[in-house]
Protein chains: 2
Amino acid sequence: MTDFKAYGYSCSVAATLDIIGGKWKGVILFYLLDGKKRFNELKRLNGEITQRMLTLQLRELERDGIVHREIYKEIPPKVEYSLTEFGQSLKPLILMMREWGEHHVEYVMEKRKNEA
Amino acid sequence: MTDFKAYGYSCSVAATLDIIGGKWKGVILFYLLDGKKRFNELKRLNGEITQRMLTLQLRELERDGIVHREIYKEIPPKVEYSLTEFGQSLKPLILMMREWGEHHVEYVMEKRKNEA
DNA sequence: CAGGATCCCGTTGGATACTG
DNA sequence: CAGTATCCAACGGGATCCTG
């Protein structure tokens, strides 16, 4: 089994969260689950994300081998993002996050509100 | 189904990651899966975490109803942290994160290294 | 033992303007 | 359309010292 300490993580959960955590990556991956998406398409879906952040996050996902970037040499430019085969391995995890969120997030949010 | 936009999230995955994401929460939850733990016990297990961060993260988990804080009125002080019943709902998710990490993190880390 | 209080810094991330 | 380039504010998070 992998020695996570060697990579600076205290356990595999920490490593996983380092890879798909953060404010945007989970959402980006979620939208890529049902197929390739263009840059502006992802931007619209994410709503509040800025161009800068979308680019940065996509670059990291690409570096980590999770997302593939396909550039079409056209004018106007066209770039499509899709999950790599390796990225597909995240599918059950993303779906479970969505599932948990749908069933439990409201409880947490109401709790937070009642204490503010 | 919950309206995540109303809470400022673009989808349920984003909300879930906001609750259990970050550098430490996943690990803390992971260690709490197999029963209650004392403060210093969690600190040792997490290795690199500072007292300050451990306290902050535990407070947030407590606020969100995920972790229960039991204070024993003794000297020296004794505090035990455990998952609430609500917190138990995260168990499959945490376990899946661990699972994914164990099988795939090494690939990502080697890839990062070869490009640095 | 389990923290609280301060200080401080690096990174994250937002706003805006510009470009092939 | 799909980015880059800057600038800047906010926050996460570390180090250190103190305490009931």
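Only a predicted model underlies this, so the values are computations on that prediction, with no experimental measurement involved. (Residues numbered from 1 in each chain as written. Chains lettered and ligands numbered in written order. Predicted model: local features only at pLDDT ≥ 70, side-chain atom pairs only at ≥ 80, totals over all residues. Heavy atoms only, no water.)

### A closer look at the packing of helix α1 (residues 12–20) of chain B against helix α2 (residues 25–32) of chain B
Relative placement of two packed helices is described by the angle separating their axes and the distance separating the axes.
Residues and elements named next belong to chain B.
Moving on, step 1. Between α1 and α2, the least distance of the axes is 8 Å, while the angle of their chain directions is 75 degrees. Judged on the interaxial angle alone, α2 and α1 are roughly perpendicular. Within the contact between the two elements, α1 uses Asp18, Ile19 and Ile20 and α2 uses Lys25, Gly26 and Leu29.
Moving on, step 2. Here the contact of α1 with α2 is composed, by residue class, of three nonpolar, one polar and two charged. (Axes fitted to C-alpha atoms, helices over the stretch in contact; angles between N-to-C directions. Helix = DSSP H or I, 4+ residues; strand = E, 2+ residues; numbered from the N terminus. Parallel < 35°, antiparallel > 145°, perpendicular 65-115°, else oblique. Contact = heavy atoms within 4.5 Å. Nonpolar A, V, L, I, M, F, W, Y, C, P; charged D, E, K, R; others polar.)

### Notes on the protein's contact with DNA strand C
Moving on, step 1. Not every one of the 19 residues close to DNA strand C is listed here, only the nearest: Arg52 of chain A together with Arg38, Gln51, Arg69 and Tyr81 of chain B.
Moving on, step 2. When atoms of DNA strand C within 4 Å of the protein are split into backbone and base, the sugar-phosphate part holds 63%.
Moving on, step 3. Here Arg69 of chain B contributes a side-chain N or O atom positioned 2.6 Å from a phosphate oxygen of DNA strand C.
Moving on, step 4. Between DNA strand C and the protein, one listed contact pairs a sugar or linking oxygen with a backbone N or O atom of Pro77 of chain B at 3.4 Å.
Moving on, step 5. Taken together, the elements giving at least two residues each to the surface near DNA strand C come down to α4 (51–63) of chain A together with α3 (39–46), α4 (51–63) and β3 (78–83) of chain B.
Moving on, step 6. Its residues placed into classes, the surface near DNA strand C shows eight nonpolar, five polar and six charged. (Near = heavy atom within 4 Å. Polar contact = N/O pair within 3.5 Å; in protein donor to acceptor, adjacent residues only side chain to side chain.)

### Some points on the relation of the copies chain B and chain A
Moving on, step 1. With an RMSD of 0.0 Å, the fit of chain B onto chain A corresponds to turning through 180 degrees and sliding 0.0 Å along the axis. Such a combination of turn and shift is consistent with a two-fold rotation axis. Minimal C-alpha distance to the rotation axis in chain B is attained by Gly21 of chain B, lying at 2.9 Å.
Moving on, step 2. Interface overlap between copies: 100% of the residues of chain B at the interface are likewise at the interface in chain A, consistent with a symmetric, same-surface contact. (Least-squares fit on C-alpha atoms with pLDDT ≥ 70 in both.)

### Brief notes about the pairing of strand β3 (residues 78–83) of chain A
All names here are of chain A.
Moving on, step 1. The buried fraction of β3 amounts to five of the six residues, a majority that puts the element mostly inside the structure.
Moving on, step 2. Inspection of the sheet shows strand β2 (residues 67–72) paired to β3 by six bridges, in the antiparallel sense. Directly across from His68, in β3, lies its bridge partner Ser82.
Moving on, step 3. Remark: five residues form the turn of the hairpin made by β2 and β3, two consecutive strands paired antiparallel. (Buried < 20%, exposed > 50% of the residue type's maximum accessible area, 1.4 Å probe, protein only. Pairing = 2+ DSSP bridges.)

### A word on the sheet that holds strand β1 (residues 37–38) of chain B
All names here are of chain B.
Moving on, step 1. If you trace the three strands from one edge of the open sheet to the other, you get β1-β3-β2, paired in antiparallel fashion. Two strands in the sheet have a free side with no partner beyond their single neighbour: β1 and β2 (67–72).
Moving on, step 2. Sitting on the sheet, α4 touches β2 and β3, and the angle it makes with β2 is about 110 degrees.

### Topic: the interface of chain B and chain A
Moving on, step 1. Residue-level contacts link 52 residues of chain B with 52 residues of chain A.
Moving on, step 2. Taking both partners together, chain B and chain A bury about 4600 Å²; carbon and sulfur atoms supply 69% of that area.
Moving on, step 3. Remark: the boundary between chain B and chain A carries four salt bridges.
Moving on, step 4. For Asp18 of chain B, the salt bridge goes to Arg112 of chain A, with nearest N and O atoms at 3.4 Å.
Moving on, step 5. Put simply, chain B and chain A have 17 residue pairs in polar contact (both at pLDDT 80 or more) between them.
Moving on, step 6. For the side of chain B that touches chain A, the secondary-structure elements that each account for two or more residues are α1, α2, α3, α4 and α6 (91–113) of chain B.
Moving on, step 7. Among the elements that make up the side of chain B that touches chain A, the one with the highest residue count is α6 of chain B (18 residues).
Moving on, step 8. In the side of chain B that touches chain A, the residues fall into 28 nonpolar, twelve polar and twelve charged. (Buried area = accessible area lost by both parts, 1.4 Å probe. Salt bridge = Lys/Arg side-chain N within 4 Å of Asp/Glu carboxyl O.)

### A word on the protein's contact with DNA strand D
Moving on, step 1. Close to DNA strand D lie 19 residues, the nearest being Arg38, Gln51, Arg69 and Tyr81 of chain A together with Arg52 of chain B.
Moving on, step 2. When atoms of DNA strand D within 4 Å of the protein are split into backbone and base, the sugar-phosphate part holds 61%.
Moving on, step 3. Between DNA strand D and Arg59 of chain A, the relevant distance is 3.2 Å, taken from a phosphate oxygen to a side-chain nitrogen or oxygen of the residue.
Moving on, step 4. In this structure, Arg69 of chain A approaches DNA strand D through a side-chain N or O atom, which is 2.5 Å from a phosphate oxygen.
Moving on, step 5. Looking at the surface near DNA strand D, the elements that each hand over two or more residues are α3 (39–46), α4 and β3 of chain A together with α4 of chain B.
Moving on, step 6. Among the elements that take part in the surface near DNA strand D, α4 of chain A stands out by supplying four residues, more than any other.
Moving on, step 7. Considering only residue class, the surface near DNA strand D consists of eight nonpolar, four polar and seven charged.

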